[in-house]
Amino acid sequence: FCIASLDTTMKRSNPSYADLLGYAEAELRHRSFLDFIHSDDREMVLHELKNLKSQLLPTIAFECRCLTK
């Protein structure tokens, strides 16, 4: 898992998430999680982020593809 802020900054990740992407945890910290989202999925992720910020439509769950190192 990773914890990110609404401004897309990654705050924390666990070792499994970092290993999955092929990065050290320190390499992920303070970067935008959008840097690791597949370009075909970025628009959908931004849409979900907008919903989270507005609090009008709850996000129950969604999936996206991530880029590995």
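Refer to the structure presented above.
All figures in this text were calculated on a predicted structure; none of them were measured in a lab. (Residues numbered from 1 in each chain as written. Predicted model: local features only at pLDDT ≥ 70, side-chain atom pairs only at ≥ 80, totals over all residues. Heavy atoms only, no water.)

J.: I would appreciate a short explanation of the packing of aromatic side chains in the present structure.
T.: Aromatic ring pairs are reported here in terms of the distance separating the ring centres and the angle at which the planes meet. Tallying each qualifying case throughout the model produces 1 aromatic pair. The interplanar angle of 80° and the centroid separation of 5.2 Å between the aromatic rings of tyrosine 23 and phenylalanine 36 together place this pair among those described as edge-to-face. Taken as a pair, tyrosine 23 in the loop between α1 (15–21) and α2 (25–28) and phenylalanine 36 in the loop between α2 and α3 (42–54) lie far apart in primary sequence, 13 residues in all. The class for phenylalanine 36 is buried, based on a relative accessible area of 1%. (Phe/Tyr/Trp six-rings, centres within 6.5 Å; stacked < 30°, edge-to-face > 60°. Helix = DSSP H or I, 4+ residues; strand = E, 2+ residues; numbered from the N terminus. Buried < 20%, exposed > 50% of the residue type's maximum accessible area, 1.4 Å probe, protein only.)

J.: Quick question: what am I supposed to make of the pattern of salt bridges here?
T.: Once their charged atoms are close, side chains differing in charge can pair, the charge on each being opposite to the other. Across all of its chains, the model carries 3 salt bridges by this definition. A salt bridge links aspartate 41 to arginine 65, with the shortest nitrogen-to-oxygen separation between them at 2.9 Å. Here arginine 65 lies in the segment after α3 and aspartate 41 lies in the loop between α2 and α3, a separation of 24 residues in the sequence. (Salt bridge = Lys/Arg side-chain N within 4 Å of Asp/Glu carboxyl O.)

J.: Mind showing me how you'd approach the layout of surface pockets here?
T.: Remark: the empty space left among the atoms is shown by a probe the size of a water molecule rolled over them. Of the volumes computed, that of the largest pocket is approximately 280 Å³. Along its surface, the largest pocket is lined by 17 residues, and Cys2, Ala4, Phe33, Val45 and Phe62 are the ones closest to its centre. Counting residues per element, the ones that place at least two in the lining of the largest pocket are β1 (2–4) and α3. Sorting elements by how many residues they give to the lining of the largest pocket places α3 first, with 4 residues. (1 Å grid on protein atoms, 1.4 Å probe; cavity = no way out; pocket = protein on both sides within 12 Å on 5 of 7 lines; lining within 4 Å. Points joined across faces, edges and corners; volume = space filled by probe spheres on them.)

J.: I tried to follow the side chain of asparagine 14 on my own but got confused; where do I start?
T.: Its location among the elements puts asparagine 14 in the loop between β2 (10–13) and α1. Within the structure, the side chain of asparagine 14 is placed 3.0 Å from the backbone nitrogen of phenylalanine 1, a separation counted as a polar contact. Look past the residues within four positions of asparagine 14 in its chain and what remains in contact with it is Phe1 and Glu25. (Polar contact = N/O pair within 3.5 Å; in protein donor to acceptor, adjacent residues only side chain to side chain. Contact = heavy atoms within 4.5 Å.)

J.: Help me out: how do you make sense of the pairing of β2 in this one?
T.: Moving residue by residue along a regular strand, the side chains alternate between the two faces of the sheet. In this structure, β1 lies alongside β2, joined through 3 bridges in antiparallel fashion. Its bridge partner lying in β2, cysteine 2 is registered against serine 13. Counted between consecutive antiparallel strands, the loop separating β1 from β2 contains 5 residues, among which threonine 8 sits at a positive phi close to 80°. (Pairing = 2+ DSSP bridges.)

J.: Looking at this structure, I do not really get the nonpolar core. What am I missing?
T.: A general trend in soluble globular proteins is that nonpolar side chains are found buried together. In this structure, Met10, Tyr17, Ala18, Leu21, Tyr23, Leu28, Phe33, Leu34, Phe36, Ile37, Val45 and Leu49 together form the largest nonpolar core, which totals 12 residues. Of all the secondary-structure elements, those providing two or more residues to this core are α1 and α3. If you tally residues by element for this core, the top one is α1, at 3 residues. Apart from residues no more than four positions distant in its own chain, leucine 34 is found in contact with Thr8, Arg42, Val45 and Leu46. (Core = buried A, V, L, I, M, F, W, Y, C linked by side-chain atoms within 4.5 Å.)

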